[in-house]
Amino acid sequence: MAYIVDFATVSAQGLESSPVADALAGLRANEARYFKNKYDHVFTVEPADEAKQAVDWVSRILAEERDIVIASRPLEATAFQVENIRMAYVFYESGLSINVMYSIDDAKKRAVGFKLSDGMEVPAELDSFKFARQKSKLAGTIRGSYFVIKGEY
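Everything numeric in this text was worked out from a predicted model, so none of it was measured. (Residues numbered from 1 in each chain as written. Predicted model: local features only at pLDDT ≥ 70, side-chain atom pairs only at ≥ 80, totals over all residues. Heavy atoms only, no water.)

(A) Region of the structure containing the sheet that holds strand β1 (residues 3–4). In space, the 8 strands of this open sheet follow the order β1-β2-β3-β4-β5-β6-β8-β7, with antiparallel pairing throughout. Both edges of this open sheet fall to β1 and β7 (132–136), since each of them pairs with a single strand only. Running at roughly 165° to strand β4 (residues 85–92), helix α1 (residues 21–39) makes contact with β1, β2 (44–47), β3 (74–82), β4, β5 (96–103), β6 (110–116), β7 and β8 (140–148) of the sheet. Taken strand by strand, helix α2 (residues 52–66) contacts β3, β4, β5, β6 and β8, and its axis lies near 95° from that of β4. (Pairing = 2+ DSSP bridges. Helix = DSSP H or I, 4+ residues; strand = E, 2+ residues; numbered from the N terminus. Contact = heavy atoms within 4.5 Å. Axes fitted to C-alpha atoms, helices over the stretch in contact; angles between N-to-C directions.)

Rendered as structure tokens:
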């Protein structure tokens, strides 16, 4: 069942099994606020098993671009389009959030972003990345990194 992420009242609904559920909920709310403010898009997620196409697309890009397989279980995912950008998000039990930003008409504007919830360790499969810190009222300290997508998906 789809869930509209409320960034005014942060809820860990759907993320309860994560050891950093509250921080991951804040991270998810932070993303919802960004898309509402920038694109007037309502950020809606589904359980990962119901959003298999989004999870599979993100997993395929990670595997083909960087030979990365995420060890943690996906809890929720979403895929949508804003303007000319195809977006996908997967929220993992470990507290990791991965997003794909895939510009439809500009191959130079395609990337995979990683965000780590406050309180989680860097997963072993991402230990080669450097993570920058950013403060968020909703999510505390977010650590983020990314890589540019070179292939066509």
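(B) Structural detail: α1. Compared with the 27 Å implied by 1.5 Å per residue over 19 residues, the 27 Å span of α1 between its first and last C-alpha is a close match. Positioned one or two residues after α1, Asp 40 has a phi angle of 55°, which is positive. (Expected span 1.5 Å × (residues − 1).)

(C) Summary view of the environment of Gly 119. As for its position among the elements, Gly 119 is in the loop between β6 and β7. If we skip the residues at most four places from it in the chain, Gly 119 touches Val 20 and Arg 143.

(D) Fine view of the pairing of β3. Looking at chain direction, β2 and β3 are connected through 2 bridges and run antiparallel. Bridging from a neighbouring strand, Glu 46 pairs with Ala 77 of β3. As paired strands, β3 and β4 are joined by 8 bridges and run antiparallel to one another. Directly across from Ala 77, in β4, lies its bridge partner Val 90. Linking two consecutive strands that pair antiparallel, namely β3 and β4, is a turn of 2 residues; a positive phi of about 50° is found at Glu 83 within it.

(E) Structural view of the side chain of Ser 136. Mapped onto the secondary structure, Ser 136 falls in strand β7. A polar side-chain atom of Ser 136 sits 3.1 Å from the main-chain amide nitrogen of Leu 138. Of the polar contacts made by the side chain of Ser 136, one reaches the backbone nitrogen of Ala 139; its length is 3.0 Å. Those residues in contact with Ser 136, other than ones at most four positions away along the chain, are Asn 30, Arg 33 and Ile 142. (Polar contact = N/O pair within 3.5 Å; in protein donor to acceptor, adjacent residues only side chain to side chain.)

(F) Focus on the packing of aromatic side chains. All chains considered together, the criterion is met by 14 aromatic pairs. A ring pair is formed by Phe 35 and Tyr 39, whose centres lie 5.8 Å apart and whose planes are at 25°; its orientation type is stacked. Of the two residues, Phe 35 and Tyr 39 both sit in helix α1, 4 residues apart, roughly one turn of that helix. A centroid spacing of 5.2 Å and a plane angle of 80° characterise the contact between Phe 43 and Tyr 89, whose relative ring orientation is edge-to-face. A residue pair is termed long-range when its members are at least 10 positions apart, and Phe 43 in the loop between α1 and β2 and Tyr 89 in strand β4 qualify at 46 residues. (Phe/Tyr/Trp six-rings, centres within 6.5 Å; stacked < 30°, edge-to-face > 60°.)

(G) Up close: the pattern of salt bridges. Counted by the stated rule, this structure contains 7 salt bridges. With its nearest N and O atoms 2.5 Å apart, the salt bridge here joins Glu 76 to Arg 28. Pair noted here: Glu 76 is in strand β3 and Arg 28 is in helix α1, with a separation of 48 residues, a long-range link. Assigned by exposure class, Glu 76 and Arg 28 land together as buried. Across the pair Lys 115 and Glu 31 runs a salt bridge whose closest N-O atoms are separated by 2.6 Å. Linking Lys 115 in strand β6 with Glu 31 in helix α1, this pair joins segments that are 84 residues apart in sequence. Comparing Lys 115 with Glu 31, the two get one shared label, buried. (Salt bridge = Lys/Arg side-chain N within 4 Å of Asp/Glu carboxyl O. Buried < 20%, exposed > 50% of the residue type's maximum accessible area, 1.4 Å probe, protein only.)

Geometric values such as these leave the question of function open.
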